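# Geometric and topological summary
In case you want the letters, here they are:
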Amino acid sequence: MLTSLMRGRIRSQLSIISPYFPSFSTESHDDFQPQVKKVPEGMEEIITLIDKQVKDNKILLYMKGTPAAPQCGFSMKVFLVI
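Quick caveat: nothing in here was measured; it's all calculated off a predicted structure. (Residues numbered from 1 in each chain as written. Predicted model: local features only at pLDDT ≥ 70, side-chain atom pairs only at ≥ 80, totals over all residues. Heavy atoms only, no water.)

### Details of the overall build of the protein chain
The line we're drawing: Under the scheme used here, helices are H or I runs from DSSP no shorter than 4 residues and strands are E runs no shorter than 2 residues, and both carry numbers assigned from the N terminus. Relative accessibility under 20% of the residue-type maximum defines a buried residue, over 50% an exposed one, and the middle range a partly exposed one, all with a 1.4 Å probe and only protein chains included. The contact criterion used throughout is that any non-hydrogen atoms of two residues lie within 4.5 Å. Methods summary: accessible areas were calculated by the Shrake-Rupley approach with a probe of 1.4 Å, and residue burial reflects only the protein chains presented.
Broken down by element type, the protein chain carries three helices and two strands. Mapped from its N terminus to its C terminus, the protein chain presents α and β elements in the order α-α-β-β-α. The buried share among the 82 residues of the protein chain stands at 16%. A fraction of 48% describes how many contacts in the protein chain between residues 6 or more apart in sequence connect residues 24 or more apart. Only carbon and sulfur atoms are counted for the fraction: they give 61% of the accessible area of the protein chain, which is about 7200 Å².

Below you can see the structure in the form of structure tokens.
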């Protein structure tokens, strides 16, 4: 969960970045919206799901948080690149 201080820092960073990236938006494309899916219960199901996702997608990102509210610096940097 983001604290108000963390939100303020993110907004501050975004305000610095936005002028240099005119296409940058805090709104995510529908493809990047969080999706609720059935969570596998057993380790074998989890491994099968990850294997399928890696094979079915040319690019795949597991990130902490959401594009609008990344939960770590790496996730935020990757979001900015995407």
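### Here we look at the confidence of the model for the protein chain
Applicable threshold: Values of pLDDT, which run from 0 to 100, indicate the predictor's confidence residue by residue.
Averaged over all residues, the pLDDT of the protein chain equals 75, while 63% of them reach at least 70. Taking the mean pLDDT of every element in the protein chain, the minimum, 64, falls on helix α1 (residues 4-17) and the maximum, 91, on helix α2 (residues 43-56).

### Re the pattern of salt bridges
Counted only if it meets this: Whenever a carboxyl oxygen of Asp or Glu lies within 4 Å of a side-chain nitrogen of Lys or Arg, that contact is scored as a salt bridge.
By the definition in use, this model includes two salt bridges. Between D51 and K55 there is a salt bridge, with its nearest N and O atoms 3.0 Å apart. Taken together, the residues D51 and K55, both in helix α2 and four residues apart, mark about one turn of the helix. Residue D56 is joined to K52 by a salt bridge in which the shortest nitrogen-to-oxygen separation is 2.5 Å. One end of the pair, D56, and the other, K52, are both in helix α2, four residues apart, so they sit about a helical turn from each other.

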